[in-house]
Amino acid sequence: MKRQNHASNKKSRRRSAEGAISHLRSVIENNLFIDKQLSNSAANQLKAISKRHSISLDSDLNYLICRKCSNSLIPGSSSRVRINKGMFRITCTKCGNIRRKPISRSEKND
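Residues numbered from 1 in each chain as written. Predicted model: local features only at pLDDT ≥ 70, side-chain atom pairs only at ≥ 80, totals over all residues. Heavy atoms only, no water.

**Overview of the packing of aromatic side chains**
What the rule picks out here adds up to 0 aromatic pairs. Lying across the ring of Y63, R99 places its NZ or CZ 4.5 Å from the centre. Here K101 stacks its cationic end above the ring of Y63, 5.0 Å away from the centre of that ring. (Phe/Tyr/Trp six-rings, centres within 6.5 Å; stacked < 30°, edge-to-face > 60°. Lys NZ or Arg CZ within 6 Å of the ring centre and 35° of its normal.)

The structure is reproduced here in C-alpha coordinates:
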(Lines give C-alpha, C1' and ligand atoms only; values in the text may rest on other atoms or scores of the structure.)
Protein backbone atom coordinates (compact mmCIF):
# COMPACT_ATOMS: atom_id res chain seq x y z
CA MET A 1 0.00 0.00 0.00
CA LYS A 2 2.78 2.43 0.83
CA ARG A 3 4.54 1.67 -2.42
CA GLN A 4 1.60 2.81 -4.55
CA ASN A 5 1.21 5.97 -2.49
CA HIS A 6 4.88 6.81 -2.97
CA ALA A 7 4.65 6.28 -6.75
CA SER A 8 1.58 8.49 -7.10
CA ASN A 9 3.18 11.16 -4.91
CA LYS A 10 6.30 11.11 -7.09
CA LYS A 11 4.19 11.51 -10.24
CA SER A 12 2.28 14.44 -8.77
CA ARG A 13 5.53 16.17 -7.74
CA ARG A 14 6.89 15.66 -11.25
CA ARG A 15 3.70 17.05 -12.79
CA SER A 16 3.84 20.12 -10.57
CA ALA A 17 7.54 20.58 -11.44
CA GLU A 18 6.69 20.41 -15.16
CA GLY A 19 3.98 23.03 -14.59
CA ALA A 20 6.47 25.26 -12.79
CA ILE A 21 8.98 24.82 -15.62
CA SER A 22 6.41 25.83 -18.24
CA HIS A 23 5.42 28.88 -16.17
CA LEU A 24 9.05 29.94 -15.67
CA ARG A 25 9.68 29.43 -19.39
CA SER A 26 6.88 31.86 -20.22
CA VAL A 27 8.25 34.34 -17.66
CA ILE A 28 11.69 34.19 -19.26
CA GLU A 29 10.38 34.49 -22.82
CA ASN A 30 7.94 37.33 -22.04
CA ASN A 31 10.27 39.40 -19.83
CA LEU A 32 13.54 38.72 -21.61
CA PHE A 33 14.04 42.27 -22.91
CA ILE A 34 11.90 44.07 -20.30
CA ASP A 35 13.16 43.05 -16.84
CA LYS A 36 16.64 41.52 -16.65
CA GLN A 37 16.49 40.80 -12.92
CA LEU A 38 13.19 38.92 -13.23
CA SER A 39 14.43 36.83 -16.18
CA ASN A 40 17.70 36.05 -14.34
CA SER A 41 15.79 34.93 -11.25
CA ALA A 42 13.45 32.79 -13.36
CA ALA A 43 16.47 31.24 -15.13
CA ASN A 44 18.09 30.34 -11.79
CA GLN A 45 14.86 28.78 -10.49
CA LEU A 46 14.25 26.96 -13.76
CA LYS A 47 17.70 25.41 -13.72
CA ALA A 48 17.33 24.38 -10.06
CA ILE A 49 13.91 22.77 -10.56
CA SER A 50 14.98 20.89 -13.66
CA LYS A 51 18.08 19.60 -11.89
CA ARG A 52 16.18 18.61 -8.73
CA HIS A 53 13.52 16.65 -10.63
CA SER A 54 15.80 15.36 -13.44
CA ILE A 55 13.77 17.04 -16.15
CA SER A 56 15.77 18.05 -19.20
CA LEU A 57 15.13 21.47 -20.70
CA ASP A 58 14.23 22.06 -24.34
CA SER A 59 17.19 22.93 -26.53
CA ASP A 60 15.65 26.31 -27.41
CA LEU A 61 15.32 27.21 -23.74
CA ASN A 62 18.70 25.72 -22.90
CA TYR A 63 20.44 28.29 -25.12
CA LEU A 64 18.71 31.14 -23.24
CA ILE A 65 20.47 30.20 -19.96
CA CYS A 66 24.21 30.30 -19.30
CA ARG A 67 25.52 26.95 -18.08
CA LYS A 68 28.22 28.50 -15.92
CA CYS A 69 26.51 31.39 -14.09
CA SER A 70 22.78 30.59 -14.73
CA ASN A 71 22.26 34.07 -16.15
CA SER A 72 19.59 34.57 -18.80
CA LEU A 73 21.28 35.19 -22.15
CA ILE A 74 19.72 38.21 -23.83
CA PRO A 75 21.24 38.73 -27.29
CA GLY A 76 22.88 42.15 -27.44
CA SER A 77 22.50 42.83 -23.72
CA SER A 78 23.84 40.00 -21.56
CA SER A 79 25.24 37.91 -24.40
CA ARG A 80 27.11 38.40 -27.64
CA VAL A 81 26.11 36.31 -30.66
CA ARG A 82 28.54 35.76 -33.52
CA ILE A 83 28.24 33.54 -36.59
CA ASN A 84 31.45 31.86 -37.67
CA LYS A 85 32.13 28.75 -39.79
CA GLY A 86 28.55 27.48 -39.71
CA MET A 87 28.19 27.91 -35.94
CA PHE A 88 26.42 30.34 -33.63
CA ARG A 89 28.88 31.41 -30.94
CA ILE A 90 27.01 32.74 -27.90
CA THR A 91 29.22 34.44 -25.30
CA CYS A 92 27.92 35.36 -21.82
CA THR A 93 29.09 38.88 -20.99
CA LYS A 94 28.83 38.23 -17.23
CA CYS A 95 31.18 35.22 -16.94
CA GLY A 96 32.68 34.92 -20.44
CA ASN A 97 31.41 31.37 -21.03
CA ILE A 98 31.10 30.46 -24.73
CA ARG A 99 28.40 28.17 -26.15
CA ARG A 100 28.46 26.93 -29.70
CA LYS A 101 25.40 25.88 -31.65
CA PRO A 102 25.49 24.56 -35.21
CA ILE A 103 23.38 26.40 -37.75
CA SER A 104 20.65 24.06 -38.99
CA ARG A 105 19.81 23.73 -42.66
CA SER A 106 16.51 25.61 -42.28
CA GLU A 107 18.34 28.56 -40.68
CA LYS A 108 20.94 28.57 -43.50
CA ASN A 109 18.24 28.77 -46.16
CA ASP A 110 16.46 31.77 -44.56
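That shown, we press on.
**As for the sheet that holds strand β3 (residues 98–102)**
Strand order in the open sheet formed by 3 strands is β1-β2-β3, and the pairing between neighbours is antiparallel. Edge positions in the sheet fall to β1 (79–84) and β3, since each has one partner strand and no second. Taking each pair of neighbouring strands and ignoring which way they run, the sheet shows an average axis angle of 20°. Inspection of the sheet shows strand β2 (residues 87–92) paired to β3 by 5 bridges, in the antiparallel sense. Paired with M87 across the bridge in β3 is P102. (Pairing = 2+ DSSP bridges. Helix = DSSP H or I, 4+ residues; strand = E, 2+ residues; numbered from the N terminus. Axes fitted to C-alpha atoms, helices over the stretch in contact; angles between N-to-C directions.)

**A look at the nonpolar core**
Nonpolar side chains tend toward joint burial in soluble globular proteins. Within the largest apolar cluster, 16 residues are counted, with the highest numbers of intra-cluster contacts made by I21, I28, L46, L57 and I65. At the level of elements, α1 (2–30) and α2 (36–52) are the ones that each hand at least two residues to this core. Broken down by element, the residue count for this core peaks at 5 residues, all from α1. Setting aside anything within four residues of it in sequence, one finds I21 in contact with L46, I49, S50, I55 and L57. Among the nonpolar cores identified, the runner-up in size contains 5 residues, and Y63, C66, I90 and C92 belong to it. (Core = buried A, V, L, I, M, F, W, Y, C linked by side-chain atoms within 4.5 Å. Buried < 20%, exposed > 50% of the residue type's maximum accessible area, 1.4 Å probe, protein only. Contact = heavy atoms within 4.5 Å.)

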